[in-house]
Amino acid sequence: MKGNEAAAEGAIAGGCRHFFGYPITPQNEIPEYMALHMPDVGGVYLQAESEVAAINMVFGAAATGARVMTSSSGPGISLMQEALSYMVGARVPCLVVNVCRGGPGLGNIGTSQSDYWLATRGAGHGDGRCITFAPATLQEQYDLCRESFEVAERYRHPVMVLSEAALGQMMEPVIVQPRGEPPRPELAWAIGGERHGRKRRVINSLYAQPPDLEAQNLELAELYQQVRREQTRWVEVGDEDPEVMIVAYGIPARCSETAMERAAEHGIRARLVRPVSLFPFPHEPIRRWSAIAPHTLVVEASIGQMVDDVRTAVGDQSEVSLLSVLGGLLTTPERIAAEIRRIVGR
Amino acid sequence: MPENLTQIEIPEGMEPVATRPDALTDLPFTYCPGCTHGTIHRLIAEVLSETGAADRTVAVAPVGCAVWIYEFYALDSIQVPHGRAPAVATGIKRARPDGLVFTYQGDGDLAGIGIAEVIHAAARGESISCFFINNAVYGMTQGQMAPTTLPGQKTTTSPRGRDIATDGHPIRICELLSTLDGATYVERVAVTDPAAIRQAKRAIRTSFEVQAEGRGFSLVEFLSICPTWWGKKPADSVEWLRENMLPQYPPGVYRSAERPGKEAAA
Amino acid sequence: MAEKVATKALVIIRAERCKACGWCAQHCPRGNLRTGTDTNTKGYHPTELIDPDNCTGCGQCALVCPDVCIEVYRAKRSR
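Predicted model, so just to flag it, every value in this text is computed and none were measured.

Participant: Hey, could you run me through the overall build of chain A in this one?
Facilitator: From N to C terminus, chain A includes 13 helices and 14 strands. For 346 residues, the compact-globule estimate of 2.2 N^0.38 gives 20 Å, and the C-alpha radius of gyration of chain A, at 20 Å, lies within 12% of that figure. Taken along its principal axes, the extent of the C-alpha atoms in chain A is 75 × 45 × 35 Å. Across the 346 residues of chain A, 61% fall into the buried class. Considering only residue pairs separated by 6 or more positions, chain A has 79% of its internal contacts joining residues 24 or more positions apart.

Participant: Would you mind going over the interface of chain A and chain B with me for this structure?
Facilitator: Accessible area lost upon the coming together of the parts is a frequently used measure of interface size. Contacts between chain A and chain B engage 35 residues on the former and 36 residues on the latter. The largest contributions to the chain A side of the interface with chain B come from Glu49, Arg195 and Arg200 of chain A, which together make up 22% of the buried area. With a closest N to O distance of 2.8 Å, Arg124 of chain B and Glu49 of chain A form a salt bridge. The tally of links from chain A across to chain B stands at 16 residue pairs in polar contact (both at pLDDT 80 or more). The set of elements that each furnish at least two residues to the side of chain A that touches chain B consists of strand S1 (18-21), strand S2 (44-47), helix H3 (51-63), helix H5 (81-90) and strand S8 (202-203) of chain A. When residues in the side of chain A that touches chain B are grouped by element, the largest group, eight residues, is from H3 of chain A.

Participant: Please clarify how the pattern of salt bridges should be interpreted in this entry.
Facilitator: A side chain of one charge can pair with a side chain of the opposite charge if their charged atoms are brought near each other. All names here are of chain B. Using the criterion set out here, one finds 40 salt bridges over all chains in the structure. Across the pair Glu126 and Arg124 runs a salt bridge, and its minimum N-O distance is 2.6 Å. Classification of Glu126 by relative accessible area gives buried; the value is 4%. According to the relative accessible area criterion, Arg124 is partly exposed, its value standing at 24%.

Participant: Could you clarify how one ought to interpret the environment of Gly38 of chain B in this entry?
Facilitator: Among the secondary structure elements, Gly38 of chain B is positioned in helix H1 (residues 36-51). Using a relative accessible area of 1% as the deciding quantity, one classes Gly38 of chain B as buried. Along the backbone, Gly38 of chain B and Ile164 of chain B are 126 residues apart, and their C-alpha atoms lie at a distance of 32 Å. If we skip the residues at most four places from it in the chain, Gly38 of chain B touches Phe29 and Tyr31 of chain B together with Pro66 of chain C.

Participant: Please explain the sheet that holds strand S10 (residues 244-247) of chain A as it appears in this structure.
Facilitator: Note on sheets: strands pair through backbone hydrogen bonds, and any given pair is parallel or antiparallel. Residue and element names in this part refer to chain A. Reading across from one edge, S9-S11-S10-S13-S14 is the order of the five strands in this open sheet, with mixed pairing throughout. The sheet terminates laterally at strand S9 (234-238) and strand S14 (319-324), the two strands that pair on one side only. Within the sheet, the average angular offset between the axes of one strand and its neighbour, ignoring direction, is 20°. Helix H11 (residues 283-290) rests against S9, S10, strand S11 (270-275) and strand S13 (295-300) of the sheet, and its axis sits at about 25° to S9. On top of the sheet, helix H12 (residues 306-314) reaches S10, S11, S13 and S14; it is set at about 160° to S13, its chief contact.

Participant: Could you clarify how one ought to interpret the interface of chain B and chain C in this entry?
Facilitator: If you look at the interface, chain B gives 41 residues, while chain C gives 33 residues. Counting the surface chain B buries against chain C, the share from its top three residues, Met14, Glu15 and Val17 of chain B, is 19%. The interface formed by chain B and chain C holds one salt bridge in total. Between Glu15 of chain B and Arg74 of chain C there is a salt bridge, with the nearest N and O atoms lying 3.5 Å from each other. Counting the contacts that link chain B with chain C gives twelve residue pairs in polar contact (both at pLDDT 80 or more). Relative to strand S4 (residues 70-75) of chain C, strand S1 (residues 14-18) of chain B runs antiparallel, the two sharing four bridges. Bridge pairing links Glu15 of chain B to Arg74 of chain C in S4 of chain C.

Participant: Help me understand the side chain of Asn28 of chain A in this model?
Facilitator: All names here are of chain A. Topologically, Asn28 is positioned in the loop between S1 and helix H2 (29-37). A distance of 3.3 Å separates a polar atom in the side chain of Asn28 from a polar atom in the side chain of Gln27. Residues in contact with Asn28, not counting those within four places in the same chain, are Asn4 and Pro23.

Participant: Whenever I open this one, the nonpolar core confuses me. Can you help?
Facilitator: When a protein is soluble and globular, its nonpolar side chains tend to lie buried together. By size, the foremost hydrophobic cluster in this structure holds 113 residues, and its most contacted members are Phe59 and Met69 of chain A together with Ile78, Phe217 and Leu219 of chain B. In terms of residues, this core owes the most to one element, H3 of chain A, which gives nine residues. Discounting residues that sit within four places of it in the chain, Leu219 of chain B has contacts with Leu110, Val118, Cys130, Phe132, Ile173, Cys174, Leu177, Tyr185, Val186 and Glu187 of chain B. Residues Leu24, Val47, Phe208 and Val238 of chain B belong to the second largest nonpolar core, which totals 55 residues.

Participant: Before we go on, may I ask you to explain the sheet that holds S4 of chain C in this structure?
Facilitator: Strand order in the open sheet made by the three strands is S1(B)-S4(C)-S1(C), with antiparallel pairing throughout. The sheet is open, and its two borders are formed by S1 of chain B together with strand S1 (9-13) of chain C, each paired with just one other strand. When strand polarity is set aside, the average angle formed by the axes of neighbouring strands in this sheet is 25°.

Participant: Help me understand H5 of chain A, please; the structure alone is not making it clear to me.
Facilitator: Counting buried residues in H5 of chain A gives eight out of ten residues, a clear majority hidden from the surface. Arg91 of chain A sits one or two positions beyond H5 of chain A and adopts a positive phi of about 60°.

Participant: Could you clarify how one ought to interpret the pairing of strand S7 (residues 217-223) of chain B in this entry?
Facilitator: Looking down a regular strand, the side chains alternate between one sheet face and the other. Residues and elements named next belong to chain B. Among the seven residues that make up S7, seven are buried, leaving the element largely enclosed by the rest of the structure. Judged from the six bridges that link them, strand S5 (residues 129-134) and S7 form a sheet pairing that is parallel. Residue Asn134 lies in a different strand from S7, and its bridge partner there is Leu223. In the sheet, strand S6 (residues 183-190) pairs with S7 via seven bridges, with the strands oriented parallel.

Participant: Help me understand the packing of H3 of chain A against helix H3 (residues 85-95) of chain B in this model?
Facilitator: The N-to-C vectors of H3 of chain A and H3 of chain B enclose an angle of 45°; their axes lie 6 Å apart at closest approach. As far as their axial angle goes, H3 of chain B and H3 of chain A are oblique. Crossing hand, H3 of chain A versus H3 of chain B: right-handed. Residues Ala53, Asn56, Met57, Phe59, Gly60 and Ala61 of chain A of H3 of chain A pack against Ala87, Val88, Thr90, Gly91, Ile92 and Ala95 of chain B of H3 of chain B.

Criteria and thresholds
- Residues numbered from 1 in each chain as written.
- Chains lettered and ligands numbered in written order.
- Predicted model: local features only at pLDDT ≥ 70, side-chain atom pairs only at ≥ 80, totals over all residues.
- Heavy atoms only, no water.
- Helix = DSSP H or I, 4+ residues; strand = E, 2+ residues; numbered from the N terminus.
- Rg over C-alpha atoms; globule rule 2.2 N^0.38 Å.
- Buried < 20%, exposed > 50% of the residue type's maximum accessible area, 1.4 Å probe, protein only.
- Contact = heavy atoms within 4.5 Å.
- Buried area = accessible area lost by both parts, 1.4 Å probe.
- Salt bridge = Lys/Arg side-chain N within 4 Å of Asp/Glu carboxyl O.
- Polar contact = N/O pair within 3.5 Å; in protein donor to acceptor, adjacent residues only side chain to side chain.
- Pairing = 2+ DSSP bridges.
- Axes fitted to C-alpha atoms, helices over the stretch in contact; angles between N-to-C directions.
- Core = buried A, V, L, I, M, F, W, Y, C linked by side-chain atoms within 4.5 Å.
- Parallel < 35°, antiparallel > 145°, perpendicular 65-115°, else oblique.
- Left-handed = near helix turned anticlockwise from the far one by under 90°.

Laid out in structure tokens, this is it:
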């Protein structure tokens, strides 16, 4: 199936029964799939008048305890930032899928990873940041979308699956799960419907008294520590004694795997550390391998965003280089292999 | 115990004419003296209490002076981004169609930043109730021009009076929404005197009835005063409203349909 | 014809909520409300009923009050 379809089907399998979205290339197959399939599972599909409206519909439905998602790409994700900030502050879960395209501005509809900062450094303004997962295969995209509702609910926090145009548009086999209703926990904070006399609940991010806001901010800081302990995910592949550590996610990571095989033909030992969670970022394995590999190569489809996190993990233990793939172009293994050979010097 | 929470014993043989509706919390309103937000809050709460709907109603709080309605209403509530209340209400209603939901929004929230959301909620015929408080000024942010500010009206961002040439014309929300086939019931009322206040309460009741019966979108616009930023005492503010706002924003029913897309008979 | 009861009408004004906006006084059909001389903790002079025996319990004061300060009760009518 197509990557965008895998994301939508994964969400349905994960219990998503409400989708609010707006068309934008290259993710339109997601709302189209939802428009077709939501009625089959008794769910709600609604095309909003804008991404601003869509994310606020997500906010409302999610506040009632429903499993809700939206999807968009760069410019639309920018429009969603305010409501995402509200959801962080009000502790409301949801899933947002970003099928990243060329930017900034209108950019183009090519593939990129240039929303890394947007995803990992913010859920809008204030001290929030999306719990962010990045698939590299369509199976992973399906699985992450399926699992993310549980993650979002556990932490009462938005989750972003940061995909990219190439993943959204490509076709791969995906093993799908049945669409049954997953077990739902009792949600003690959800509003709406008949209260039957229960005490009223408020979903709110306004704390006018500084000590109250301080307490909320401290709770959020604690939450992120918990997320770091429990949700850091990565995959490693390659040599146990690498000369080069490659750090890449998504499509560049897949190309890097092939590039490593090419480099091995020249006797170069390389290891790929592929973050699957971008926030929380897997500093620990990168730090560990940077003590062994004299070279670290970051491959990303941006002018250099994840590289900052890699430098933080590496310190001065390894020489960090960046290979940027820009303009919406697709990375190639040949290009990465050439870069590996260049930095190793053979 | 603070005086305002004291229970007073009512003598035998007496019946209530007006009491505090239980859809309100005990918190005193923080609005300026004479501000009609309080009056309108009370009317909405009375209707919900009288119809027994409070148990299943969600209040959607705006950004503006009325941001605090989540403290004042004894209901499930949610505070949302500026202007987005109709979109949030849409999400709530689509997820919990068994409940009622209302938005409560001022000039900036509904006629400025949020105008797309209310237009599209109306066009879609969402079964929600939008309550629009029009006092021709931005209150919470200290008196700036609003999309509903009148020509020549002085505000902090139109210190020489609103100039049509540079600031354009005010927007009539009820008239605008009345062109939408999806809107079921749209009425403008004032809250200037007892007769008008009674009419306002009837309009609120009608709006909730339309929603409860699943008949689609309704909006009630309340012409209101802002003594503080108009720089007038409450009584003088009412006079100013009568002389200036009533001609610009005539009260009345602007749309009344049996269901979206169908006009009411006669 | 009303039964004889101790009071015809009872008006309770919660002084701590009153902001002396004057609306109730303006709309009382008997002119039976005025700004008082006491001061509440917020610094306002709460409105007071001038003559309780002159009140009909019409409830107009409560209808216009923006602060929900006023409760009104009246004698039940005999059948």
